[in-house]
Amino acid sequence: MSTPDQFHALMREVTRLTEGQPLDAALQQNLNREAGPQSALFQNIFAACRQGVADGWMCNREGGGIRYGRVIKPAPDLADCSVDVVDMNDLAGPHHAHPNGEIDMIMPLTEGARFDGQGAGWLVYGPGSAHSPTVSGGRALVLYLLPGGAIDFTRS
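What comes next is a walk through the structure. (Residues numbered from 1 in each chain as written. Predicted model: local features only at pLDDT ≥ 70, side-chain atom pairs only at ≥ 80, totals over all residues. Heavy atoms only, no water.)

## A look at the sheet that holds strand E10 (residues 152–153)
Right, on to step 1. Taken together, the 3 strands give an open sheet; going across it, the order is E8-E4-E10, and neighbouring strands pair in antiparallel fashion. Bordering the open sheet on either side are strand E8 (129–131) and E10, each of which pairs with just one other strand.
Right, on to step 2. Examined bridge by bridge, strand E4 (residues 96–98) and E10 share 2 bridges and lie antiparallel to one another. Within E10, the position partnered with Ala97 by the bridge is Asp152. (Pairing = 2+ DSSP bridges. Helix = DSSP H or I, 4+ residues; strand = E, 2+ residues; numbered from the N terminus.)

Structure (structure tokens):
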């Protein structure tokens, strides 16, 4: 069983690895080494996300074929990061920029599903980066840590 409080505690374990670190390739490598898909932490977060979606407290909104939701607002005990989770199946989401960067945890629900070309694991975007988040090859949950909760959606 997974509750929002238990999930928050798991996010504290992740942000201990990210706090004070520049959002760059070195952080991505460290996350994949210390908390990659084979780690207990990754597996516990993945299980909590699947349970949270099933229980309806995670990904409880829908738009454009994407189920999504902000699970945690920026929190001091999470290095001032917010936590969002999306459920996507073979589609591209809305283009947006990351003023402070973005740390993504990719959890394929379909074997071989990829997020922005990356399989299971961690992907880090630096401050000022932008993209149209894309899941290909099936369905995946993607967890986003956003420093300061900052995200700027591009107007179309």
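Having seen the structure, we can now continue with the description.
## Some words on unusual backbone geometry
Right, on to step 1. The backbone of Cys59 shows a phi angle near 55°, a positive value even though the residue is not glycine.
Right, on to step 2. Take Cys59: it is sitting in the loop between helix H3 (40–55) and strand E1 (61–63).
Right, on to step 3. Positive phi values are uncommon outside glycine, yet Asp90 reaches one of about 50°.
Right, on to step 4. Along the chain, Asp90 turns up in strand E3 (residues 81–92).
Right, on to step 5. Residue Asp90 is classed as partly exposed on the basis of its relative accessible area, which comes to 48%. (Buried < 20%, exposed > 50% of the residue type's maximum accessible area, 1.4 Å probe, protein only.)

## Topic: the nonpolar core
Right, on to step 1. Counting 31 residues, the largest nonpolar core has Phe7, Met11, Ile45, Cys49 and Leu143 as the members making the most contacts within it.
Right, on to step 2. Taken together, the elements giving at least two residues each to this core come down to helix H1 (4–18), helix H2 (25–34), H3, strand E2 (66–75), E3, strand E5 (102–108), strand E7 (121–125) and strand E9 (134–147).
Right, on to step 3. By size, the runner-up hydrophobic cluster in this structure holds 14 residues, among which are Ile106, Ala113, Leu123 and Leu146. (Core = buried A, V, L, I, M, F, W, Y, C linked by side-chain atoms within 4.5 Å.)

## Brief notes about the environment of Cys49
Right, on to step 1. One can find Cys49 in helix H3.
Right, on to step 2. Sequence-distant contacts of Cys49, defined by excluding residues within four places in its chain, comprise Phe7, Met58, Val85, Met107, Leu141 and Leu143. (Contact = heavy atoms within 4.5 Å.)

## Looking at H3
Right, on to step 1. The end-to-end C-alpha distance of H3 is 22 Å, a good match for the 22 Å that 16 residues give at a rise of 1.5 Å each.
Right, on to step 2. Buried within H3 we find Leu41, Phe42, Ile45, Phe46, Ala48, Cys49, Gly52 and Val53. Looking straight down H3, one finds its buried side chains confined to an arc of 165°; they lie on one side. For H3, the exposed residues set more than 90 degrees away from the buried face come down to Ala40 and Ala54.
Right, on to step 3. Contacts made by the buried residues of H3 are with H1, E2, E3, E5, E7 and E9.
Right, on to step 4. Once H3 ends, the next one or two residues include Gly56, with phi positive near 90°. (Expected span 1.5 Å × (residues − 1). Arc of directions from axis to C-beta.)

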